[in-house]
Amino acid sequence: MDVNEVLLPGVGLRYEFVNHEGDRIGVVAQRSGDFEVVVYRGDDPDEARPVFRLTSQEADTLAEILGAPRIAERFADLTREVPGLSAGQVEVRHGSPFADRALGDTRARTRTGASIVAVVRGEDVVASPGPGQLLQAGDALVVIGTRDGIADVQRIIQG
């Protein structure tokens, strides 16, 4: 399926595709973290009818239901569109000072300005993990921030 991505300056990204019934569906990923799902009218390709809106938490829940392993891939797509923003993965290795501890114990965002936006554990993805999320050796943390911020998160996690 072809998905068209359009940068909306000051707003975020719009993803568009045509479903099996021929409807053009749009998902606007706003910079605020909220999402809006729209359907375009057949007679006017520029007029969209809002279907529903989701907060970032609701969108994360829906993403987990529909196929969470693609979340990290989408964050990588977003970082290509925003200058200075990067995505990276940091492994929680055996012997890490944060293996078997809560994510909040790392204070990664406070210390680096980078955000851990997902925890990948095998085939499972925890999107938008909270500070109580327990980290385990072998986890891959998806980190969004500057290159220096991501490197700093790696130094913190790997000790």
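Going by the structure above, here's the rest.
Our subject in this report is the structure included herewith. These numbers were taken from a predicted model, which means no experiment stands behind them. (Residues numbered from 1 in each chain as written. Predicted model: local features only at pLDDT ≥ 70, side-chain atom pairs only at ≥ 80, totals over all residues. Heavy atoms only, no water.)

**A closer look at the pairing of strand E3 (residues 24-30)**
When a strand is regular, its side chains alternate between the sheet's two faces. To be explicit about the condition: By this definition, two strands are paired if DSSP reports at least two bridges between them. Per the convention used, a helix needs a DSSP run of H or I reaching at least four residues, while a strand needs a run of E reaching at least two, with both numbered from the N terminus.
Examined bridge by bridge, strand E2 (residues 12-18) and E3 share seven bridges and lie antiparallel to one another. Along E3, the bridge assignment pairs Val18 with Arg24. Counting the residues between successive antiparallel strands, the hairpin from E2 to E3 contains five residues, one of them, Gly22, with a positive phi of roughly 90°. Of the pairings in the sheet, the one linking E3 to strand E4 (residues 35-40) comprises six bridges and is antiparallel in character. Bridge pairing in E4 links Ile25 to Val39. Between E3 and E4, which pair antiparallel and follow one another directly, the connecting turn spans four residues, one of which, Gly33, has a positive phi of 100°.

**Topic: the sheet that holds strand E8 (residues 124-127)**
Spelled out, the test is: Axes, fitted as lines to C-alpha atoms, cover a helix only where it is in contact. Angles between the N-to-C directions of the axes lie from 0 to 180 degrees.
Spatially, E6-E9-E7-E8 is the arrangement adopted by the four strands of the open sheet, whose pairing is antiparallel. Bordering the open sheet on either side are strand E6 (86-91) and E8, each of which pairs with just one other strand. Here the average twist between neighbouring strands, direction ignored, is 25°. As paired elements, strand E7 (residues 115-121) and strand E9 (residues 140-145) share five bridges and run antiparallel to each other. Within E9, the position partnered with Ala118 by the bridge is Val142.

**Brief notes about the packing of aromatic side chains**
This is how the line gets drawn: Aromatic contacts are taken between Phe, Tyr and Trp rings whose centres are within 6.5 Å, Trp giving its six-membered ring; a plane angle under 30 degrees counts as stacked, one over 60 as edge-to-face, and the others as tilted. Two conditions define a charge sitting above a ring: the NZ of Lys or the CZ of Arg must be within 6 Å of the ring centre, and it must be within 35 degrees of the ring normal.
Counted under the stated rule, the structure contains zero aromatic pairs. In this structure, Arg24 is placed above the aromatic ring of Tyr40, and the distance from its NZ or CZ to the ring centre is 3.7 Å.

These results come straight from atomic positions and should not be treated as a statement about function.
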